[in-house]
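Breakdown of the fold
Next come the chains, spelled out residue by residue.
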Amino acid sequence: MKQGEHRYRVYYEDTDAGGVMYYANYLKFAERARTDMLRDMGIIQSQLCNELDVLFVVRRVEMDLIKPARLDDELTICTVIEQLRAASLTMSQTIHSIEQRLTTILVEIVCVDNRFRPKKLPEVIRNKLGGSQ
């Protein structure tokens, strides 16, 4: 399946008083990496709703914090599309700092219409994600 790798730096605003990245911010960095991966594949989420009546929403997240990220760390986030279904996809993400795994995240994304009802992934999106019918 498709995969992507993106780098981001931990800034002061991402940390607590001890210079350790706050746990909820791992999800923010993971969201950026997923969005950037989709953008790299030509899937611009701001256009999906207007052109195809499609939104991607997070249905489920599973996160395992292994080691802390710290102020000024450069994080590498690897994202892999693990499973592609009719109206959803599952992505696994790992966050590393200097070749040390810090966090693993498994996220299920559901395709919905503008009323938030499940909707089959349009063929053009499915093809870009690496699947076919």
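To be clear, the structure that these remarks concern was listed above.
Residues numbered from 1 in each chain as written. Predicted model: local features only at pLDDT ≥ 70, side-chain atom pairs only at ≥ 80, totals over all residues. Heavy atoms only, no water.

1. Some thoughts on helix 1 (residues 23–40)
- The terminal C-alpha atoms of helix 1 lie 27 Å apart, and with 18 residues this matches the ideal 26 Å at 1.5 Å per residue to within 8%.
- Once helix 1 ends, the next one or two residues include Gly 42, with phi positive near 85 degrees. (Helix = DSSP H or I, 4+ residues; strand = E, 2+ residues; numbered from the N terminus. Expected span 1.5 Å × (residues − 1).)

2. Some details on a nonpolar patch on the surface
- Together, Tyr 22, Tyr 23 and Leu 65 line one region of the surface with nonpolar side chains, adding up to about 320 Å² of accessible area.
- Considering the arrangement of structural elements, one finds Leu 65 in strand 2 (residues 55–65). (Patch = residues over 30% accessible without salt bridge, like charges linked within 9 Å, V, L, I, M, F, W, Y side chains within 5 Å. Areas by Shrake-Rupley, 256 points an atom, 1.4 Å probe, with all protein chains shown as cover. Salt bridge = Lys/Arg side-chain N within 4 Å of Asp/Glu carboxyl O.)

3. Description of the pairing of strand 5 (residues 100–112)
- Summarising the sheet, strand 2 and strand 5 pair through ten bridges and their orientation is antiparallel. Its bridge partner lying in strand 5, Val 61 is registered against Val 107.
- Here strand 4 (residues 88–97) pairs with strand 5 via ten bridges, running antiparallel. Bridging across to strand 5, Thr 90 finds its partner in Glu 108.
- Between the end of strand 4 and the start of strand 5, which pair antiparallel, lie two residues, with Ile 98 showing a positive phi angle near 50 degrees. (Pairing = 2+ DSSP bridges.)

4. Structural notes on the sheet that holds strand 5
- Here we have five strands laid out as an open sheet, ordered 1-3-4-5-2, and antiparallel in their pairing. Only two strands of the sheet have a single partner each, and these edge strands are strand 1 (3–9) and strand 2. In this sheet, adjacent strand axes meet at a mean angle of 25 degrees when their direction is disregarded.
- This element, helix 1, spans strand 1, strand 2, strand 3 (74–84), strand 4 and strand 5 of the sheet and lies at about 130 degrees to strand 1. (Axes fitted to C-alpha atoms, helices over the stretch in contact; angles between N-to-C directions. Contact = heavy atoms within 4.5 Å.)

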